[in-house]
Structures are given as C-alpha cells and as structure tokens.
Amino acid sequence: MKLHFTGNVAGLLPGIRELSQELSFIEAGDGQQIQVELSGGGLEVGLEDGAAYIRYAQKHQFFRGLGLLVQYGRNGRPFHIKEEQHFDTIGPMFDLSRNGVLTVDSFKFMLRKMALMGLNSVMLYMEDTYEIEGEPYFGYMRGRYSQAELREIDDYADQFGIEAFPSIQTLAHLEEFLKWEPVSKYKDTKGALLVGDEAVERLIVNMLEAASAPFRSRKIHVGMDEAEELGRGKYLDRNGYQSRFDIMAGHLERVLEAARSRGLKPMMWSDMFLKFASADGTEHYDAETPIPEEMARRIPKDVDMVYWDYAHQEQEDYEKLIAKHKPLGCNLVFAGAVWVFNTFGVNYGLSLNATDAALQVCKREGIREVYATMWGDDGMESNPFGALLGLQFYAEHAYSAGKPAWEQVTERVKFCTGIDAETFLKLKDLDETPGAEPNNRKQSNPSKFLLYQDVLLGLFDKQIEGLDMSAHYAKLEQDIRDRRTKDAELDYIFEVPEKLCAVLRRKSEIGIELKRAYDAGDCAELKAIAEEVLPAIAEAVKELRAAHRSQWLHMFKPFGWEVLDIRYGGVLTRLDTAAVRLLDYVDGRIGRIEELEQERLVYSSVNRFNQKGAGWCSYYYRMASPNVFFHVLNPF
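Thresholds, definitions, all that
Residues numbered from 1 in each chain as written. Predicted model: local features only at pLDDT ≥ 70, side-chain atom pairs only at ≥ 80, totals over all residues. Heavy atoms only, no water. Phe/Tyr/Trp six-rings, centres within 6.5 Å; stacked < 30°, edge-to-face > 60°. Helix = DSSP H or I, 4+ residues; strand = E, 2+ residues; numbered from the N terminus. Buried < 20%, exposed > 50% of the residue type's maximum accessible area, 1.4 Å probe, protein only. Lys NZ or Arg CZ within 6 Å of the ring centre and 35° of its normal. Salt bridge = Lys/Arg side-chain N within 4 Å of Asp/Glu carboxyl O. 1 Å grid on protein atoms, 1.4 Å probe; cavity = no way out; pocket = protein on both sides within 12 Å on 5 of 7 lines; lining within 4 Å. Points joined across faces, edges and corners; volume = space filled by probe spheres on them. Nonpolar A, V, L, I, M, F, W, Y, C, P; charged D, E, K, R; others polar. Arc of directions from axis to C-beta.

Student: So what exactly am I meant to see when it comes to the packing of aromatic side chains here?
Tutor: Given two aromatic rings, one states the distance between the centres and the angle between the planes to describe the pair. In this structure the tally under the stated criterion is 41 aromatic pairs. Look at tyrosine 140 and tryptophan 180: their rings are 5.4 Å apart centre to centre, the planes differ by 65°, and that puts the pair in the edge-to-face class. Here tyrosine 140 is found in the loop between strand 8 (121–125) and helix 4 (147–159), whereas its partner tryptophan 180 is found in the loop between helix 5 (175–178) and helix 6 (198–212), with 40 residues between them in sequence. The partly exposed category is assigned to tyrosine 140, whose relative accessible area is 34%. The interplanar angle of 70° and the centroid separation of 5.4 Å between the aromatic rings of tyrosine 307 and phenylalanine 334 together place this pair among those described as edge-to-face. One end of the pair, tyrosine 307, is in strand 12 (residues 304–308); the other, phenylalanine 334, is in strand 13 (residues 332–337), and 27 residues separate them in sequence. For phenylalanine 334, a relative accessible area of 1% puts it in the buried group. Following the ring pairs from residue to residue traces out a cluster consisting of Phe5, Phe25, Tyr56, Phe62, Phe63, Tyr156 and Phe160. The residue whose ring lies beneath arginine 55 is tyrosine 53, and the NZ or CZ to ring-centre distance is 4.3 Å. Against the face of tyrosine 399 rests arginine 64, its NZ or CZ located 4.1 Å from the ring centre.

Spelled out as structure tokens, the structure:
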C-alpha cells in the first residue's frame, strides 16, 4: 500500500516513517499510490475514488487517523469515520520501579502501539530508577535510566504527539533507596523521608530537577500516596507527636514551592487526604465521610489531585468518590488500572469492567485526564505487553461517547497489535480458575501462589481443595497453544503463560495428593510421586524459567531478573528436598514426615468459602514459607 501525503506534513514525517513498517505501507514513491490529503478540524478519516483524507486537530489524532486509514482502506472500499475525543489526555502509566525497567527499545515499541491507538500521554513511574547527580545509591543496581535514555524516550514519544512525563516519589514508597545505610540521614521510617530535614529538602529539589530535565513536558507527578508511616519514626523522636495531616500539608507546600520555582506543573495521588478525612483515618474509599472544610482550605489548589481506583465495579461508587474529591478545589485526574500486578497473567475480567464503569462516570463528571496504571508489585512476573487489550479499551473509550462496541475494540486491537482479543483474554484464565468469583472481581491470583507454594508445606492446599485446578490448567495450556500465531510479533509473550500452565497442571494439586497418600500410608504412591511426578514438575519449571528469562531479557533491563531466578531456584530446590524426604520415609530412614503430619488450614479470609475467590497473596515470601525470610531489627 503506497500513500502520498499532501498538506502540512513536515512535522509528521518522522512518526510516519517509524510507523511505515508497523503498518506495512510505503510513504510516497513511484507507482500507483493513494493521495492522502491532510487538513485541520476534528478527527475524520476517509477514502473515496482512490483518494483519502485525514483531518485532525492534534498531532496524536493524525496517527490514530493514519492507523484507521490503513486498517479500513486496505481493501480499497470507500469509507468515512468521524470521531470525537472525550478525554483531553489519556494514556498508560508504566511502573518502572518494581524490577521491570523497560529497555528503551521496548518503550519505543509500546509508544508505536499507543500512537496507533490514539493515546497521547505516558507517565513514567520511577521511585528511584532515574539518575540524580551526587546520589550514587539512588537506583543503584536497579536498572535506573540515564538522562540520555529518558531524553531518547521523550524524543520518540514527541514524534507521535505523545507527552511523556515523570512520576516520582517525594515522601513515601522509597524503601529501595532508603534501605542503603549510607543514605540513612534521609530516612524517617523504612520507606518515608524525614520531613523538614534540610538534607531531605535538598534531596527533593535534586529529585525534581533530575526527573524533569530530560522531558519537554513541565508536568510532574510528585507521588505522596500510601504514606501511613509519615512522622512515626525518626521524625517522632525529633519532634514529638504531630498530626499527620499537618506534617503532610507543610511538606506538600515546600515540594510545590520547589516545583513552581522551576516552572513545573505538579500532580499528586489523593489517597492520603481521603484517609485523613475518613472516620478512622485510614480508609481510602470511605465515600460517606466528607472532607472537612478546614482541611480542604489548607490544601493548595495548584496541584492536580489524582484519584486512583482500580477495583470498583459500579458507577455509583465512582460517582460518590469523585463527589468526595470536589471540596478539595483542585483539578481532578483519574487513574484506573489494567491488572498485571501480583500475577503472571492479566485480570481482564476485573480490569475491563472497572474501566468501563469508571470512564463512563468520568465523561459525565467532566474529568478530562485519565491514566491506565500497570503496577508491577512484588517483582513484575507479568508485563505491560499483555495489557495491550486493556490499553486499547481505554483508547476506544476515549473516542466513544459512551461504552465502545466490543466489536470495535476487537477489530482495533487485532490491527494495532496483531493479536486477537480472545487470545489476550486467555491471560485472565491463569487466575480466573474454579473457585474465583465471576470475572475474578475479588482478585484471586493462584497463577502465582500455586507456582511458589512449597509442595510439602501446602500452605494453599485447603484454599483449592476440590477445585480441580489441574484440569483447568491442562485445558488452558491447550487453549493458549491453539490460539497462538507464530508469525505475530507479540506471539512470544504467550510462551510463559503456556509453560506456566504446563507446570500448574502437574503442581497445583500435588500437595493435596501427597497429604492424602501420606495419611493413607500409601508408600507406593509416595515413591511414585518422589521418583516420577516431582522430577517431571521440576523439568516443567526449568522450561518455564528459560522461557521467562528469554521474555524478560527481551523486554526489560537485566536488573531485577535475579529476583525471579532466585524464586525459580527455590521452587526447584524444594522439589528436590521433597523427593529426598519422601524416599527417606518410604525406605525407612525416617519414621515420619513432619511437614505432612501438619493439619492443612485455610490460608486467609480471602477464600471461596466466604465468596472472596480462590485466594490472594501479595508477597512471594509469604507464599513460599510461613517462616522468617528476613528480620528487620530496626525498621526505622
């Protein structure tokens, strides 16, 4: 397909050339070609009598229009599409702080997909993964971006009219920096800065300057979420008890003054103010207790408040919580999520339903800036590439007055990514298992805890007893294999889910089988498990690890992979120990297996017996063992 663009094309050519291979078209050249007239106005795309047009008001709209032209114009039939953008700003937030630091090439790949979708903003969440001159421990061995790398990302995004900007932390969530003994002077508690300290004030100025310098945008997210530890460590020793709101209000004003003086436009997470106003001072989603007038009056109005909400399913919930924000008097931004966190898959059942409810309310309430967060909690076993269907849903919502037609979403995601929507949706079934609530709305994550749990200890066995997980994962393994498209650029991201299913169809219920055979005194079965089943599981884990390593090193910087290497190594060595223990028992070298003598208990209150799903756990170390992984003598 040859396209010849007429009109004001100069500022678009770099982006056009970047997408020419992505879309399999040739820009200009000799021979038969389609004339594409470019002009201003609302977003309109059409083809008639061999001539095409793209009308657009903003640069990023041109690239969505270009994608629509190639998508619908390849067959040569006439068409006309007119769209209105219902959010001024919309795009993803990439979590680049929990081990999965995207390579620059991976970032560029995602930016090309975003351009085709018509997204126009990207937030880079970097707790300590950017350079600060004079702070060698900031992001040390964590894959931090250099100033040059961030400039390269910003330049590439700008080609498509996408605004890139940093999201940092200026109060809490700095555990990975503050863990280093040489920087202890900055620390209040294990994750929070020592507010009011002169060295901390200088550090924050350096943060703002270093994080913002590589970007054209003057926007900056200054964080400040989940700062429950505020004022409760070294600060308390120095100053005595102070109201957390008073501490935070004073700190915020100083951060904003530093931002203002550098021409920056700040935003922050809103949750701490909602918590301060709640009945017990801790509840983020208390919609009934209003924010007191005195509190609202003390909050500066030139900081955008980012209301984050990832799980509510009903529009009424969003309406109430948006109303609760209004007394703050600040511009309100919304952040939803595509659930890639604490799982090997993507919780699309929850993500798509929550997104639809939230964005419909945002449109009605006049919220014009929206982000899709993709957190990497506890090590980023999943990845943002698998979330592209979710980003497509955000994009189609942005260009639809109400809820976008699912057919439109599926057609667009296939065109933009090369992968069918139904193939993406298979990723949800890694966790949407027997025992999960409909659409996994209670966030079960068995894909993670069933891989990491110890076969002798069986911490989650009671959670899944009777749920036939093995059959579920055997079927899902085949379903994923059948849906894969080997020549698709993104097909490789389904290798890990397929290999994980191969592990879990063998491993998910083996602890239950071990306990049953042991209680029955069935030594023949225990011997067979030790000599045949556990080695087969180990081989499947090795294949999974190799696939995951290949995927990680293709997407991310190498820093952080060592964590998953260690986790896989733990699974393998414990399988080996389990086999030794079983054979020692069967051969009479020990009189009992103490681990299998223990009664199996329900892991937590999140279980199918009270309609909360098949189970949830946030941390690897709690999945692997109930015993001490580490002990912090002085957490502050």
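Student: Please explain the pattern of salt bridges as it appears in this structure.
Tutor: For side chains of opposite charge, pairing can occur when their charged atoms come near one another. For the structure shown, the criterion picks out 66 salt bridges. Between lysine 113 and glutamate 489 there is a salt bridge, and its shortest N-O distance comes to 4.0 Å. With lysine 113 in helix 3 (residues 104–117) and glutamate 489 in the loop between helix 18 (469–483) and helix 19 (495–507), the pair connects residues that are 376 residues apart, well separated along the chain. Across the pair glutamate 209 and arginine 262 runs a salt bridge whose closest N-O atoms are separated by 2.9 Å. In this pair, glutamate 209 sits in helix 6 while arginine 262 sits in the loop between helix 8 (244–260) and strand 11 (265–269), placing the two residues 53 residues apart along the sequence. Owing to a relative accessible area of 29%, arginine 262 belongs among the partly exposed residues under this scheme. Several salt bridges share partner residues, and in doing so they unite Glu477, Arg481, Arg484, Asp491, Glu495, Glu498, Lys499, Arg505 and Glu543 into one network.

Student: Can you walk me through empty space enclosed by the protein in this structure?
Tutor: Which parts of space are left empty comes out when a probe the size of a water molecule is rolled across the atoms. With the rule as written, the count across this model stands at 5 cavities of 30 Å³ or more. Estimates place the volume of the largest cavity at around 70 Å³. Lining the largest cavity, in full, are Phe344, Gly345, Val346, Glu381, Ser382, Asn383, Gly386, Leu427, Ile493, Val496, Pro497 and Gln551. Tallied by class, the residues present in the lining of the largest cavity amount to 6 nonpolar, 5 polar and 1 charged.

Student: What am I meant to see in helix 1 (residues 13–23) here?
Tutor: Think of an α-helix as turning once every 3.6 residues; residues three or four places apart then point the same way. Among all positions in helix 1, only Leu13, Gly15, Ile16, Leu19, Ser20 and Leu23 are buried. Seen end-on, helix 1 carries its buried residues on one side only, within an arc spanning 150°. Serine 24 sits one or two residues past helix 1 and shows a positive phi near 55°.

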